[in-house]
Amino acid sequence: MTVAQTALRTTSRSALLCASLFSLMCWSAPAPAQPVGLPSMGSASSAELPPSLERTLGDAIMEQGRRDPDYIGDPDISQYLTTMGRNLAAHAPVSPDQPITVFGVRDPQINAFALPGGYIGINSGLLVSAQTESQVASVIAHEIGHVAQRHIARGMTQKSQSSGVMMAAVAAALLAALSGSGDLAMGIAAFGQAAAVDRQLGFSRQAEQEADRAGFEMMRKAGYDPRGMVSMFNLLSNSARLNEGKGGGDYASTHPLSIQRMSDIENRVGETPPANPEGSDSFWFVRAKLRIVQARNSQAQRTAVEKLQLDAQRATGIEQSAAWYGIAFAAFQKKDLVRAEQALRNARKDGGNSPEVAGLGVSLALAQGDTAGALALAEKAWQRWPDNQGIALIRVESLQKTGRDADAVPFLQQRIKQWPEVPRLHQLLAQSHERLGQKVAARRTMAAYYDLTGALPTAVEQLQQARSMTTDFYVQSELDVQIRTLKERLKADRALLERFKS
C-alpha cells in the first residue's frame, strides 16, 4: 500500500501520520538494492545513524503513533507481544542495539513492520489469522532479524536521492516537534506523499533470507516450534493468492516470498529435531480479543462474534474458553453487561481461568457499580498473577474508584520499578498524587510519563510547573537538575537531527 493510498483512506491527522510512517518503514518488493547478507554494520554506518539517533526517531514517531486510533494500547496485547519479542531477541545471533518493543495495530490485513529504535508493529489480522503461537513468533523473529542487523539505519542513510530526501524530511519534522512547534503529523504526511510514494525502503532477497535464518535460530533457542515459520510461509502464500490484484499491502508483498526462501527454511526444519512446545494460553485469549478489536463496523463485529460462537461450539479446553472470553469482551464493549456476564461464566467453566478472563471480570464488576466486589476480585487476581500488567492496572483502577488513592500510590511505585517502561503506570500515579493534593509529585510523575512517550518539551514544562509550586530548596535543586538534564537531551537530539536536515 503506497503512502498516497493510505492517505486517501485516513481522515484524522494522527491516523495520517501513523499510516504514512508505517508504510514508509515497511519494506516493499523491488526497490533500490538494500542491505544484503548479514552486514557487519561498520563504523561508517553507525556514525551516519547511531543507535541514539535511531531511538530518538523511533520515540518521536511512536509519540505521534500512539495517538492514532488504530494503535492498540491494550495492556494484555502489548505485554504479550513485547514479552514474546524480548524472549526471541535474547537469542538473536546479533544482539539488537535497542530494547525490542512490539505493539499492535488495528488492521485485518496480515502485515508487520519495524520502525527505528527497536519498535515492531503487528497487525491484528496477522494474529487473528495465525493458527499457532509459533506462526506469530516466526514473523516477530524475522522483524527482529532486520532490527538486529540495523537494516533500517542503512536504508535511511544509504547514498541515494530517495533516502536523502527521506532522512531530511523526517529530521525536519522531528526537529519541529522537539522544539515544541510545528505540526509533526502534517509534516511527515506531506513528506510521505511527496517523496516516498514509489520509493519506499526495500530489502534484497538475500537480506530477507538472512532475516529468516536469524529468526529461525531465535525461535529454536527460545523454545518455539520452528515449523511455525514454514506454516506461516504457507499462510502468507495463500493470502497473497487470495488477494492478488486487490492491493492491500499484505506481508507477502512487503516481504516478498520466494521458492529459495521457503526451501531454505524447510531444509533447516528437516535438520532440526522435532519440537512440540505447549505454547502460551495467552495466545488464544489475545487472539480472541483482537478478533473483536479489529472489527471496524457493526457488520464486521457481528461476523467476528459469529466466528467466536462457532469456535465456542466446536473447540474444547483453552480454545473454547478463549472463544467465550472473546464473546464476553464483545458484549462488554457494547455495554451489554448481562450477556457479557453469561459469556464470562461460560469461559470459566471446567475451571478455565486466565488473567485476561479475571481482568474482564473486574472491569464488569466496576461497570455494574460493584466497586467493593471489583476490588476483591482484583486483589485475588493480583495474588495469582503478580506479573501481569493488565491485572495490575485494573487493580489500580479499582483502588482509585473506591477512593483508596493512598493505597494506589505505593502499589504504583512498586509496579514502576517492576515495569519502568510502561507510561500508563506513571500517568495513573500522577492522577492519584493529584487527588491526594500532592501537586508537585503529580507534575514530576507526569514529566516521567511524557519522557517515556517521547514528548520531551512537555516533560520540561511539567517539571517547570512543579518547581514553581514549591519553596523547598532541596526539591527545587532536584528539579533544576532534572530540567537541565532533559534540556541537554533535547539539545543533543536536535544536534543529531540537524545533521540530516539538508
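The notes below deal with the structure included here. Position labels on residues start from 1 in each chain and follow its written sequence. Since the coordinates come from a predicted model, pLDDT governs what is reported: local features require at least 70, and pairs of side-chain atoms require 80 or more to be given and counted, while whole-chain, interface and lining totals use all residues. The side-chain values count all of the structure's non-hydrogen atoms but skip hydrogen atoms and water molecules.

1. Notes on the sheet that holds strand β2 (residues 101–105)
Thought 1: Judged by pairing direction, the sheet is mixed, and its 4 strands sit side by side in the order β1-β2-β4-β3 without closing on themselves. The sheet is open, and its two edges are formed by β1 (71–72) and β3 (112–114), each paired on a single side.
Thought 2: The pairing of β3 with strand β4 (residues 119–123) spans 3 bridges and is antiparallel. Paired with Phe113 across the two strands is Gly121, which belongs to β4.
Thought 3: Here helix α5 (residues 75–89) sits on the sheet in contact with β1, β2 and β4, set at roughly 140° to β2. A pair of strands counts as paired when DSSP detects no fewer than two bridges linking them. Think of it this way: any DSSP run of H or I at least four residues long counts as a helix, any run of E at least two long counts as a strand, and we number them from the N terminus. Only heavy atoms enter the contact rule, under which two residues are in contact if any of them lie within 4.5 Å. Between N-to-C directions, angles cover 0 to 180 degrees, with each direction set by a line fitted to C-alpha atoms, over the stretch in contact for helices.

2. Quick look at the packing of helix α17 (residues 317–333) against helix α18 (residues 337–347)
Thought 1: Viewed as axis vectors pointing N to C, α17 and α18 meet at an angle of 165°, and their least axial separation amounts to 8 Å. Here α18 runs roughly antiparallel to α17, going by the angle between their axes. The interaxial crossing formed by α17 with α18 has left-handed handedness. Where α17 approaches α18, its residues Ser321, Trp324, Tyr325, Ile327, Ala328, Ala331 and Phe332 are matched on the opposing element by Leu337, Arg339, Ala340, Ala343, Leu344, Asn346 and Ala347. Should an angle fall under 35 degrees it is called roughly parallel, over 145 degrees roughly antiparallel, and 65 to 115 degrees roughly perpendicular, with every other angle called oblique. Here a crossing is called left-handed whenever its near helix is offset anticlockwise from the far helix by less than a right angle, and right-handed whenever the offset is clockwise.

3. Digging into the side chain of Ser321
Thought 1: One can find Ser321 in helix α17.
Thought 2: Each residue is placed in one exposure class: buried if its accessible area under a 1.4 Å probe, protein chains only, is under 20% of its type's maximum, exposed if it is over 50%, and partly exposed if it falls in between. Judged by relative accessible area, which is 6%, Ser321 ranks as buried.
Thought 3: Beyond its immediate stretch of four places on either side in the chain, Ser321 contacts Phe285 and Ala347.

4. Focus: α17
Thought 1: With 17 residues, α17 should cover 24 Å at 1.5 Å per step; its first-to-last C-alpha distance of 25 Å lies within 8% of that length.
Thought 2: Along α17, the positions that sit buried rather than exposed are Ser321, Ala322, Ala323, Tyr325, Gly326, Ile327, Ala328, Phe329, Ala330 and Ala331.
Thought 3: Of the surrounding elements, those touching the buried residues of α17 are α5, α15 (281–293), α16 (298–314), α18 and α19 (355–367).
Thought 4: After α17 finishes, the residue Lys335 shows a positive phi value of roughly 65°. What a helix should span is 1.5 Å times the count of its residues minus one.

5. Focus: the nonpolar core
Thought 1: For this analysis, a nonpolar core means a set of buried residues of the types Ala, Val, Leu, Ile, Met, Phe, Trp, Tyr and Cys, connected via side-chain atoms within 4.5 Å. Among the nonpolar cores identified, the biggest contains 67 residues, and Leu88, Ile122 and Ile140 are the most heavily contacted of them.
Thought 2: Not counting residues up to four positions away in its chain, the partners in contact with Leu88 are Ala137, Ile140, Ala141, Ile144, Met218, Met219, Ala222 and Tyr224.
Thought 3: Counting 20 residues, the second-largest nonpolar core is a separate cluster that includes Ala358, Trp382, Ala392 and Ile416.

6. Topic: the pairing of β2
In the case of a regular strand, side chains alternate between the two sheet surfaces.
Thought 1: By the criterion of burial, β2 is predominantly enclosed, with 5 of the 5 residues buried.
Thought 2: Burial of the side chains of β2 extends over both faces: Thr101, Phe103 and Val105 are buried on one face and Val102 and Gly104 on the other.
Thought 3: Where β1 lies against β2, 2 bridges are found, and the strand directions are antiparallel. By the bridge assignment, Ile72 is partnered in β2 with Gly104.
Thought 4: Across 5 bridges, the pairing between β2 and β4 is parallel. Bridge pairing in β4 places Val102 opposite Ile120.

7. With respect to the packing of aromatic side chains
Thought 1: Each pair of aromatic rings taken from Phe, Tyr and Trp, with Trp reduced to its six-membered ring, is defined by centres within 6.5 Å and is described as stacked if the planes are under 30 degrees apart, edge-to-face if over 60, and tilted in the remaining cases. In total, this model carries 7 aromatic pairs according to the counting rule given.
Thought 2: Centre to centre, the rings of Phe283 and Trp284 are 4.9 Å apart; their planes meet at 70°, and the pair counts as edge-to-face.
Thought 3: Accessibility expressed as a relative area gives 1% for Phe283, which makes it buried.
Thought 4: The class for Trp284 is buried, based on a relative accessible area of 18%.
Thought 5: Ring geometry for Phe285 against Tyr325: centres 5.6 Å apart, planes inclined by 75°, an arrangement best described as edge-to-face. In this pair, Phe285 sits in helix α15 while Tyr325 sits in helix α17, placing the two residues 40 residues apart along the sequence.

8. As for unusual backbone geometry
Thought 1: You will see that Lys335, though not glycine, has its phi angle at about 65°, which is positive.
Thought 2: Its location among the elements puts Lys335 in the loop between α17 and α18.
Thought 3: Residue classification places Lys335 among the exposed residues on the basis of a relative accessible area of 71%.

9. A closer look at the pattern of salt bridges
Thought 1: One speaks of a salt bridge when a side-chain nitrogen belonging to Lys or Arg is within 4 Å of a carboxyl oxygen belonging to Asp or Glu. Inspection of every chain in the model, using the stated rule, returns 18 salt bridges.
Thought 2: We note a salt bridge from Lys289 to Asp74, for which the minimum N-O separation is 3.0 Å. Of this pair, Lys289 sits in helix α15 while Asp74 sits in the loop between β1 and α5; the two residues are 215 residues apart in sequence, bridging distant segments of the chain.
Thought 3: Linking Arg227 and Asp225 is a salt bridge whose minimum nitrogen-to-oxygen distance equals 2.8 Å.
Thought 4: Overall, the relative accessible area of 37% leaves Arg227 in the partly exposed class.
Thought 5: Through salt bridges with shared partners, one network takes in Asp70, Arg106 and Arg296.

10. Focus on the pairing of β4
Thought 1: Of all 5 residues that make up β4, 5 are buried, and the element is covered over most of its length.
Thought 2: In β4, alternate side chains face the same way, and those of Tyr119, Gly121 and Asn123 on one face and Ile120 and Ile122 on the other are all buried.

11. Concerning the environment of Gln462
Thought 1: Within the element layout of this structure, Gln462 appears in helix α25 (residues 456–468).
Thought 2: Setting aside residues up to four positions removed in sequence, Gln462 forms contacts with Arg443, Met446, Ala447 and Tyr450.

12. Topic: the packing of helix α20 (residues 371–384) against helix α21 (residues 389–401)
Thought 1: At their nearest, the axes of α20 and α21 sit 9 Å apart, and the two run at 150° to each other. With respect to their mutual orientation, α20 and α21 come out roughly antiparallel. Considering how the two elements wind past one another, α20 and α21 form a crossing that is left-handed. Between α20, through Thr371, Ala374, Leu375, Ala378, Glu379, Ala381 and Trp382, and α21, the contact on the second element is made entirely by Ile391, Ala392, Ile394, Arg395, Ser398, Leu399 and Lys401.
Thought 2: Each residue gets one label: Ala, Val, Leu, Ile, Met, Phe, Trp, Tyr, Cys and Pro are nonpolar, Asp, Glu, Lys and Arg are charged, and the others, such as Gly, are polar. When its residues are assigned to classes, the contact of α20 with α21 shows 9 nonpolar, 2 polar and 3 charged.

13. What about helix α14 (residues 259–270)?
Thought 1: Between its first and last C-alpha atoms α14 spans 16 Å; for 12 residues at 1.5 Å apiece the expected length is 16 Å, and the two agree.
Thought 2: Of the positions making up α14, those classed as buried are Arg261, Met262, Asp264, Ile265 and Val269. For α14, the arc enclosing every buried residue in end-on projection is 160°, short of the 170-degree limit, so these residues lie on one face. Away from the buried face of α14 by more than 90 degrees, exposed residues Ile259, Gln260 and Gly270 are located. The arc in question is formed by the directions pointing from the helix axis toward the C-beta atoms.

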